[in-house]
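A look at the structure
Each chain, letter by letter, is given below.
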Amino acid sequence: MLPLIPWPTEVTESDDDALRLAAVRLDAPDPALAAVVAEQLAAAGVPVSEDADPPAGAVTFTLRLDPAAGPAGPGSDGPERYTLRVGDGEILATAAEPVGLLHAARTLRQLVVPAADGTAADGAAATVPAVVVHDAPRYSWRGLSFDVVRHWFGPEDIRAVVDLVGAFKLRVLHLHLTDDQGWRIEIPSRPELEKASDNQVGGGTAGYLTVDDYVALQEYAAARYVTIVPEFDMPGHVNAATHVYGALTSDGLATDAYDGIEVGFSRLWFDNPATEPFLRDVIGDLARTTDGAWVHVGGDEVLTMDHGEFAQFVELAARIVREHGKTPIFWQEGARGPVEPGTLLQYWEPKGEEFERFVAAADAGARFVMSPGNHAYLDMKYTSEHPLGLEWAGTVELRDSYEWEPTAVIDGLPASAVEGVSAAVWTETLTTRDELFSMLLPRLGAVAEVAWTAAAAKDFDAFAARTAAQAPAWRSAGWAFHPTPQVAW
Ligand code: TNX
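Considerations on the overall build of the protein chain
A tally of helices and strands in the protein chain yields 13 helices and 18 strands. Whereas a compact globule of 489 residues would reach a radius of gyration of roughly 23 Å, the protein chain reaches 23 Å, a difference of no more than 12%. For the protein chain, the proportion of its 489 residues judged to be buried stands at 59%. Of the contacts formed within the protein chain by residues at least 6 apart in sequence, a portion of 73% connects residues at least 24 apart.

Next up, the structure:
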């Protein structure tokens with residue numbers, strides 16, 4: 001059993017002996033990619049030699065762009081396809097695009113078995129089984145939505161999350177940056193918003209990302225082929241903004257800071273003359289500093305607004321996002337507004353009466369990112385007794401996060417309207433990196449496999465065994481995980 005998550009399209013083990021690695025010499029098309037690949041190998045305990053004259057026992061890992069890489073069937077023309085060959089004294093990765101070369105290196109990293117005591121008698125630090133992998137993902141949008149508002153998680157923690165999502169070959173890290181409790185991103189045209197940054201659930205010291213932090217974070221993520229998608233949540237979940245700008249409220253009075261966990265009470269007013277300039281400033285500044293193609297404008301849980309006014313917000317926010325050359329993404333409620341082709345809607349909650357509206361939105365050209373709460377919300381408790389997390393969508397054990405089919409979530413939605421899959425983690429109850437990671441692991445691997453692997457190739461028992469086999473690597477990376485009894489650790 002090879003400990004690969006997500007499981008690849010085609011895996012062929014050969015009878016050849018495992019390759020013994022004293023060190024690896026990289027032959028990569030560009031130095032930035034080589035640096036990230038070296039980081040992967042070093043994390044697996046494999047020294048990377050940069051000498052032209054490598055040490056005895058060094059194995060060459062060649063990474064080469066080649067359009068012929070990848071599987072033969074589905075995915076054979078996908079941009080992320082790759083092939084990894086280990087054997088005959090060498091390692092070869094080929095891929096259509098650089099991202100595929102990094103996928104190949106991540107697959108290699110999961111295959112590396114460190115020597116028990118650090119180094120074997122022949123100097124080998126690790127072994128790799130002889131294998132050929134041809135691989136390509138099912139969906140291009142494979143993500144994690146991460147709430148850094150309810151409890152503040154800063155640049156160091158977010159970088160650790162980028163490393164984690166990258167390990168499972170996810171491509172999107174969606175950051176929920178604004179909510180009732182706090183405002184977590186510098187908006188240069190609205191510097192007063194910083195006043196809403198030092199608050200979180202339960203009070204206490206919090207913070208926000210400066211533009212420089214945000215730019216550096218995007219660079220870090222981009223080097224790992226992860227795209228940051230920023231979210232400014234509106235027209236609900238806006239108490240941090242109305243706490244700073246009383247002009248946004250109906251009576252002109254600033255609201256109190258909020259450190260509870262109720263939702264749905266705060267709102268903007270479409271007819272208030274302060275509203276559109278605020279949207280334009282925030283969305284404009286976010287769009288200008290964002291490298292990725294998307295800006296998320298929220299739209300969830302606005303419990304005190306009629307559909308007509310809500311639809312006006314959706315139309316305006318989408319228009320402003322598009323004026324800045326980006327594609328808008330909303331929570332599923334965005335389907336209540338006018339939807340233009342290409343708009344993304346993120347499904348999160350089963351509301352049967354809304355399914356027809358979702359299908360109509362898909363007919364109008366919207367595409368869906370699937371984050372069903374009962375499978376993909378990794379802030380749900382594993383069991384009712386679990387000390388962390390919420391339970392509004394039920395409990396989500398590892399098997400629940402694995403056994404679901406993205407095209408079967410919304411009755412009547414054409415399979416072609418599914419853009420991909422995103423896990424989500426909300427942080428009302430999560431205060432430390434270890435608490436956060438113990439909710440993400442092992443379930444993020446399950447959602448990653450739903451997003452990557454063909455449905456017919458999935459198998460929970462095999463997944464659970466591969467999960468157990470990855471645990472030593474998580475321990476050595478310092479990644480906390482929940483030892484669910486559904487895995488024989
Ligand atoms: C629902 S998901 C929310 C969030 C909460 C989350 C907790 C969504 C669009 N809204 O505001 O944090 O549940 O699980």
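Further notes follow.
Describing a negative patch on the surface
A contiguous patch of negative charge on the surface is contributed by Asp 15, Asp 16, Asp 17, Asp 88 and Glu 90. For Asp 15, the position within the fold is in the loop between strand E1 (10-13) and strand E2 (19-21).

What about the pairing of strand E6 (residues 82-87)?
For E6, a buried count of five out of six residues is recorded, marking the element as mostly surrounded by other parts of the structure. Here E6 pairs with strand E7 (residues 90-95) via six bridges, running antiparallel. Residue Thr 83 lies in a different strand from E7, and its bridge partner there is Thr 94. Here E6 hands over to E7 after two residues, with Asp 88 in that stretch at a positive phi of 50°. Pairing between E6 and strand E10 (residues 131-135): five bridges, direction antiparallel. Residue Val 86 lies in a different strand from E10, and its bridge partner there is Val 131.

Looking at helix H12 (residues 443-452)
For H12, the tally of buried residues reaches 10 of 10 residues, placing the bulk of the element in the interior. Listed in full, the buried residues belonging to H12 are Arg 443, Leu 444, Gly 445, Ala 446, Val 447, Ala 448, Glu 449, Val 450, Ala 451 and Trp 452.

Here's the deal with the sheet that holds strand E16 (residues 344-347)
Judged by pairing direction, the barrel is parallel, and its eight strands sit side by side in the order E11-E12-E13-E14-E15-E16-E17-E18 before closing back on the first. Neighbour to neighbour, the strand axes of the sheet diverge by 30° on average, direction disregarded. Lying on the sheet, H12 is in contact with strand E11 (141-147) and strand E18 (418-425); it crosses E18 at an angle near 175°.

Quick look at the domain arrangement of the protein chain
Structurally, the protein chain comprises domain 1 (10-135) and domain 2 (141-477). A separation of 34 Å is found between the C-alpha centroids of domain 1 and domain 2. Across the boundary between the two partners, domain 1 contributes 14 residues, which contact 11 residues of domain 2. With both chains or domains summed, domain 1 and domain 2 bury close to 1200 Å², and 47% of this area falls on carbon and sulfur atoms. On the domain 1 side of the contact with domain 2, Glu 80, Arg 106 and Gln 110 bury the most area, a combined 38% of that side's loss. Summed over the shared surface of domain 1 and domain 2, the number is three salt bridges. Two residues, Arg 224 and Glu 39, come together in a salt bridge whose shortest N-O distance is 2.7 Å. Across the contact surface, domain 1 and domain 2 share eight residue pairs in polar contact (both at pLDDT 80 or more). Elements with a minimum of two residues in the side of domain 1 that touches domain 2: helix H1 (31-43) and helix H2 (98-111). With eight residues, the top contributor of residues to the side of domain 1 that touches domain 2 is H2. Counted by class, the side of domain 1 that touches domain 2 contains six nonpolar, three polar and five charged residues.

Quick notes on the environment of Glu 192
Position of Glu 192 among the secondary structure elements: in the loop between strand E12 (172-176) and helix H4 (211-223). Not counting residues up to four positions away in its chain, the partners in contact with Glu 192 are Val 244 and Tyr 245.

Focus: the sheet that holds strand E5 (residues 58-65)
Strand order in this open sheet of seven strands is E1-E10-E6-E7-E5-E3-E4, and the pairing throughout is mixed. If you trace the sheet from one side to the other, it starts and ends with E1 and strand E4 (48-49), each paired once. Where E5 meets E7, six bridges bridge the pair, whose relative direction is parallel. Its bridge partner being in E7, Leu 63 is matched across the sheet by Ala 93. This element, H2, spans E5, E6, E7 and E10 of the sheet and lies at about 40° to E6.

Quick word on the nonpolar core
Core analysis: the largest hydrophobic core is formed by 107 residues, its most contacted members being Phe 146, Leu 173, Trp 183, Phe 232, Phe 278, Leu 279 and Leu 444. With eight residues, the top contributor of residues to this core is helix H7 (residues 307-323). Ile 91, Ala 93, Ala 95 and Leu 111 belong to the second-largest nonpolar core, a separate cluster that totals 35 residues.

Things to note about the pattern of salt bridges
Counted by the stated rule, this structure contains 23 salt bridges. The salt bridge involving Arg 150 is made with Asp 179; its shortest N-O contact spans 3.2 Å. Of this pair, Arg 150 sits in the loop between E11 and helix H3 (155-167) while Asp 179 sits in the loop between E12 and H4; the two residues are 29 residues apart in sequence, bridging distant segments of the chain. Relative accessible area serves as the criterion here: at 3%, Arg 150 is assigned to the buried category.

Rules and cut-offs
Residues numbered from 1 in each chain as written. Predicted model: local features only at pLDDT ≥ 70, side-chain atom pairs only at ≥ 80, totals over all residues. Heavy atoms only, no water. Helix = DSSP H or I, 4+ residues; strand = E, 2+ residues; numbered from the N terminus. Rg over C-alpha atoms; globule rule 2.2 N^0.38 Å. Buried < 20%, exposed > 50% of the residue type's maximum accessible area, 1.4 Å probe, protein only. Contact = heavy atoms within 4.5 Å. Patch = residues over 30% accessible without salt bridge, like charges linked within 9 Å, V, L, I, M, F, W, Y side chains within 5 Å. Areas by Shrake-Rupley, 256 points an atom, 1.4 Å probe, with all protein chains shown as cover. Salt bridge = Lys/Arg side-chain N within 4 Å of Asp/Glu carboxyl O. Lys, Arg positive; Asp, Glu negative; His and termini not counted. Charge placed at Lys NZ, Arg CZ, Asp CG, Glu CD. Pairing = 2+ DSSP bridges. Axes fitted to C-alpha atoms, helices over the stretch in contact; angles between N-to-C directions. Domains from an automatic or database assignment. Buried area = accessible area lost by both parts, 1.4 Å probe. Polar contact = N/O pair within 3.5 Å; in protein donor to acceptor, adjacent residues only side chain to side chain. Nonpolar A, V, L, I, M, F, W, Y, C, P; charged D, E, K, R; others polar. Core = buried A, V, L, I, M, F, W, Y, C linked by side-chain atoms within 4.5 Å.

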